[in-house]
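One-letter residues, chain by chain:
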Amino acid sequence: MRGRLAEDIDVVLAKDPAARSRAEVLLYPHLHAIWLHRIGHWLYRHGHRLLARAVGQFGRLVSGGIEIHPGARVGRRLFIDHGCGVVIGETAVVGDDVMLYHGVTLGSVGWAADRSAGSGTRRHPAVGDNVVLGARASVLGPVTIGDGARVGAHAVVLTDLPAQATVPAGAVVRRRHTTAAYFPVAPTEGLPDMSRTSGQVLITCAPPNPNGDLHLGHLSGPFLGADVLRRYLCARGVTAHYVSYTDDESCYVPRRAAELGAGAKQTAHKFTRRIEQTLALADMLPDYYAHPHREPRHAETVQAHFLRLYRAGLIEERVMATPYCEHCQRYLYEADLRGQCRFCGLACDGTYCEDCGFPQDPQGIRNARCIRCSATPVSRPSSRLVLALSGQADALRGLYQRRSWSPRIQKLCEELLELGLPDTPISRIYDYGVAVPLAGWEGHVLDTWYSGIYGYMAATEGLGVALGDPGLAQNLWHDPETTLVHFIGFDCGFSHAVLWPALLEAENGLDGSDLVQPRHIISNEFYQLEGEKFSTSRGHAIWGSDFLRSNPADALRFHLCRTNPEREPTNFFRAEYEQCYTRFLSDQLEGWAATLFERVRAGGGSIPESTPSQWPGAVRELIERLPGRVADALEPATFSLRRAAQEIESAVAVASNDLARSHGDAAPEQLAAHAELLAVLAAVAAPLIPTWSARVWSQLQPSGTAGAPPWPEPGQRLLPAGTALTAAYQPIFAGR
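Residues numbered from 1 in each chain as written. Predicted model: local features only at pLDDT ≥ 70, side-chain atom pairs only at ≥ 80, totals over all residues. Heavy atoms only, no water.

Caption draft 1: Up close: the overall build of the chain. Within the chain, the regular secondary structure consists of 21 helices and 34 strands. In terms of overall dimensions, the chain is globule-like: its C-alpha atoms have a radius of gyration of 28 Å, near the 27 Å expected for 736 residues. In terms of principal-axis extent, the alpha carbons of the chain reach across some 80 × 80 × 50 Å. Burial analysis of the chain (736 residues in total) assigns 57% to the buried set. Counting only contacts in the chain whose residues sit at least 6 apart along the sequence, the fraction spanning at least 24 positions is 68%. Carbon and sulfur atoms make up 50% of the accessible area of the chain, which amounts to about 28900 Å² in all. (Helix = DSSP H or I, 4+ residues; strand = E, 2+ residues; numbered from the N terminus. Rg over C-alpha atoms; globule rule 2.2 N^0.38 Å. Buried < 20%, exposed > 50% of the residue type's maximum accessible area, 1.4 Å probe, protein only. Contact = heavy atoms within 4.5 Å. Areas by Shrake-Rupley, 256 points an atom, 1.4 Å probe, with all protein chains shown as cover.)

Caption draft 2: Quick peek at helix α17 (residues 574–602). Compared with an ideal rise of 1.5 Å per residue, which puts 29 residues at 42 Å, α17 spans 39 Å between its outermost C-alpha atoms and is within 8% of the ideal. The largest bend in α17 comes to about 35°, at G591. Backbone geometry just downstream of α17 places G604 in the positive-phi region, at approximately 130°. (Expected span 1.5 Å × (residues − 1). Bend = angle between axes of the 7 residues up to and from the residue.)

Caption draft 3: Structural view of a nonpolar patch on the surface. Together, F58, L61 and V62 line one region of the surface with nonpolar side chains, adding up to about 300 Å² of accessible area. With respect to the secondary-structure elements, F58 resides in helix α4 (residues 49–62). A residue is classified by how much of its surface remains accessible, and F58, at 46% relative accessible area, is partly exposed. (Patch = residues over 30% accessible without salt bridge, like charges linked within 9 Å, V, L, I, M, F, W, Y side chains within 5 Å. Salt bridge = Lys/Arg side-chain N within 4 Å of Asp/Glu carboxyl O.)

Caption draft 4: The arrangement of unusual backbone geometry in detail. For R77, which is not glycine, the phi dihedral falls at a positive 60°. Summarising the element assignment, R77 is placed in the loop between β2 (73–74) and β3 (79–81). Judged by its relative accessible area of 22%, R77 is partly exposed. Residues other than glycine seldom take positive phi values, yet S374 does so here, at roughly 70°. Judged by its relative accessible area of 47%, S374 is partly exposed.

Caption draft 5: Spotlight on the packing of helix α3 (residues 29–45) against α4. At a minimum axis separation of 8 Å, α3 and α4 run at an interaxial angle of 175°. The orientation of α3 relative to α4 falls into the category roughly antiparallel. Residues H32, A33, L36, I39, G40, L43 and Y44 of α3 touch α4, and the partners they reach there are R49, L51, A52, V55, F58, G59 and V62. Looking at the contact of α3 with α4, its residues break down into ten nonpolar, three polar and one charged. (Axes fitted to C-alpha atoms, helices over the stretch in contact; angles between N-to-C directions. Parallel < 35°, antiparallel > 145°, perpendicular 65-115°, else oblique. Nonpolar A, V, L, I, M, F, W, Y, C, P; charged D, E, K, R; others polar.)

Caption draft 6: Spatial organisation of the packing of helix α20 (residues 668–685) against helix α21 (residues 690–700). At a minimum axis separation of 8 Å, α20 and α21 run at an interaxial angle of 150°. With respect to their mutual orientation, α20 and α21 come out roughly antiparallel. Seen from above, α20 lies across α21 with left-handed handedness. On α21, the residues that touch L678, A679, L681, A682 and A685 of α20 are W692, S693, V696, W697 and L700. Grouping the amino acids of the contact of α20 with α21 by side-chain chemistry returns nine nonpolar, one polar and no charged. (Left-handed = near helix turned anticlockwise from the far one by under 90°.)

Caption draft 7: Spatial organisation of the sheet that holds strand β11 (residues 144–145). The sheet built from four strands is open, its strands ordered β2-β5-β8-β11 with parallel pairing. Of all strands in the sheet, those bounded by a partner on one side alone are β2 and β11. Bridge analysis of β2 against strand β5 (residues 93–94) gives two bridges, and the strand direction is parallel. Note that in β5 the partner of R73 across the bridge is V93. (Pairing = 2+ DSSP bridges.)

Caption draft 8: Fine view of the pairing of strand β31 (residues 518–524). For β31, the buried fraction is high: six of the seven residues fall into the buried class. Where strand β30 (residues 483–489) lies against β31, six bridges are found, and the strand directions are parallel. Counted as the bridge partner of I488 is S523 from β31.

Caption draft 9: Representation of helix α10 (residues 393–401) in the model. Along α10, the residues classified as buried are A393, L396, G398, L399 and Y400. Where the residues of α10 are buried, they touch α11 (407–419) and α14 (493–511).

Caption draft 10: Up close: the environment of L641. Here L641 is to be found in helix α19 (residues 641–660). Distance from L641 to V228, taken between C-alpha atoms, is 8.4 Å for residues 413 residues apart in sequence. In this view, L641 contacts L224, G225, V228, C561, N564, E566 and L634; residues no more than four positions away in its chain are not counted.

Caption draft 11: Quick look at the packing of aromatic side chains. The final tally for this structure, using the stated rule, is 19 aromatic pairs. Seen in terms of ring centroids, F547 and Y577 are 5.1 Å apart; in terms of plane orientation they differ by 70°. Their pairing is edge-to-face. Remark: Y577 occurs in helix α17 and F547 occurs in helix α15 (residues 544–548); sequence separation between them is 30 residues. A single burial state applies to F547 and to Y577, both of which are buried. Plain terms: the ring middles of Y577 and Y581 are 6.3 Å apart, the flat faces sit at 55° to each other, and that makes the pair tilted. Taken together, the residues span about one helical turn, with Y577 and Y581 both in helix α17 at a distance of four residues. Note on Y577: relative accessible area 1%, which makes it buried. Among the aromatic residues, ring-to-ring pairing joins F547, F572, Y577, Y581 and F733 into one connected group. The ring of Y44 carries the charged tip of R49 above its face, separated from the ring centre by 3.8 Å. (Phe/Tyr/Trp six-rings, centres within 6.5 Å; stacked < 30°, edge-to-face > 60°. Lys NZ or Arg CZ within 6 Å of the ring centre and 35° of its normal.)

Caption draft 12: Just the environment of Q646, in detail. Turning to its location among the elements, Q646 is positioned in helix α19. On the basis of relative accessible area, Q646 is assigned to the partly exposed category, the value being 44%. Separated by 567 residues in the primary sequence, Q646 and F79 place their C-alpha atoms 53 Å from one another.

Caption draft 13: Spotlight on the environment of T351. Structurally, T351 can be placed in the loop between β23 (347–349) and β24 (366–370). Residue class for T351 comes out buried when judged on its relative accessible area of 4%. Put simply, T351 and D491 are 140 residues apart on the chain and 11 Å apart in space, counted from C-alpha to C-alpha.

Caption draft 14: Inspection of the side chain of T482 at higher detail. If you trace the backbone, T482 turns up in the loop between α13 (472–478) and β30. Residue classification places T482 among the buried positions, given a relative accessible area of 2%. Within the local environment of T482, its side chain forms a polar contact with the backbone oxygen of L476, the two atoms lying 2.8 Å apart. Those residues in contact with T482, other than ones at most four positions away along the chain, are Q200, L202, N475, L476, V516 and R519. (Polar contact = N/O pair within 3.5 Å; in protein donor to acceptor, adjacent residues only side chain to side chain.)

Written out as structure tokens, the structure is:
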């Protein structure tokens, strides 16, 4: 014991230059927390759980807020620098020579996942030796951090990290999903082949402006779609990566900052954290969520690609008429002015119309007004850097003929080609953004609408670095077999379907580069609240973070799927949501599962012996056909969240009615069929409602296996006869 105390002191003297003597080190609060934790851990291991918790609480008090659960296993020579706010969960494991900075959390992924985990299951991270976790970094869930890994400040890690991995400050690294084994059951003659994406897939989600939190309208769109597709592809064994980033350099950030009386970067940081928290609550975080302000690679990537195009003569310097507010004495762009779309006549900001999708530059919007002072701007010449899209018209026309994107996106592309592609300014005179890297262009920044594609590239590179695979981005972006899928709101159509493909074509024409073009662009329309657009200014909004703190994420996810605005605007009605929750999720879905468990337990507690030919016809057909139907709805080329949700609802209705008709006298063959169908349903519903599916799958396994179930393939059985179901069913969707 004396040796352990000595090395606890020695490691502080070795790592903290502010430590002058052993006597001074004895005042370090983290030592008090560690020493008291050792006492509490001994009590915990010997069954004195209440006393152990009391010791832990005392340690938290005397250390200024370092909370180490007495169940956590902590290695030797742990150094917690400025340790206020550190949290280490019950099943966490911390290796030797680990260094934690203030605010670090080694936690679980949330209450729903904790409830679904079996007794003795590790819910918290295992941190290897010589790991450094920066200030306010969060490592969540039963993940493993390899020896020597470095995690930057404010990063969120939800996946295993290999040894020596580096996660940049502020990055979000998402967990991967695994599947379990399944059992052969029957011939597959007569069953349709399920369509399947092959190769590797890169999924992107349009980056949000960090000028506010996410409301339900935001969550219904690209975030949900991209997350569902990634989960589906991973379940089918496809290598899929999902990246996004926060649009830190957007001109909407300084506009919002001025309203709040705060700095622009401070505002971006504040709302980026809120966005991440909301996505975490909704279980929609990407594999990697990049923060341009804290990751230099973003600006470096944008500027490098710009210089490549500029030096090849594909970006021109021009003097163009630009709106100027004489009262505010500033040029006006995008978020700085409001008027009418010059094409459809509806209200829009200064760059793109979110209703018709058409770009407003270079001619500008009609009846423009300065956002700040409401004055009518005048037209003044200013220097702009311009990309002449007309030079890429033929290449884009050929690309569109080879692609089948969302119908409205296809129509927008065709109309723009017919009108003639516009010369598109890509720079602004502005004091906020990625600087134009040219002499004589000081005070000019690159437009984020132009640079967004490079933001995706930088985020992919960040993911590779975090996973210990620095060549990942090069592999994904230059492999012609990569399937690139963009999820966007329709208002992002011009950038993703016209401007960025033109940039990629231009680069590919320089020296034989082979940057991949998007294979699929999946867009959505507006999701409204009770018949009107979400409006933060009028207080007509439901914030995701508020809603998800009192509602299970799966309940919201499923309702957003079934009401998704895929082809036309749809609505969130609170009464419809409550009906979906109570009648379908709680009463019908959970009621069917609970009844099945009860009857199997009453009949002996295990899945009866049977063959598929003995199963009820309607149930057998669902077992055979449902995976293919849902797969067709979730393949990128035919992607439809609404159709996937409808297939699941219809299947549950059939199953619930079939089991109810037996009135408690179900034959063994019927129970076996329904148990198999429940397993199939848990598998195919997992991309939409992952927590419920993982919970059901763990209850169907003798060992309480955690994680997502395998995707059912034709002729494969998920639950063999004899599988024990001895415990009562545990629901997630409690009665309202």
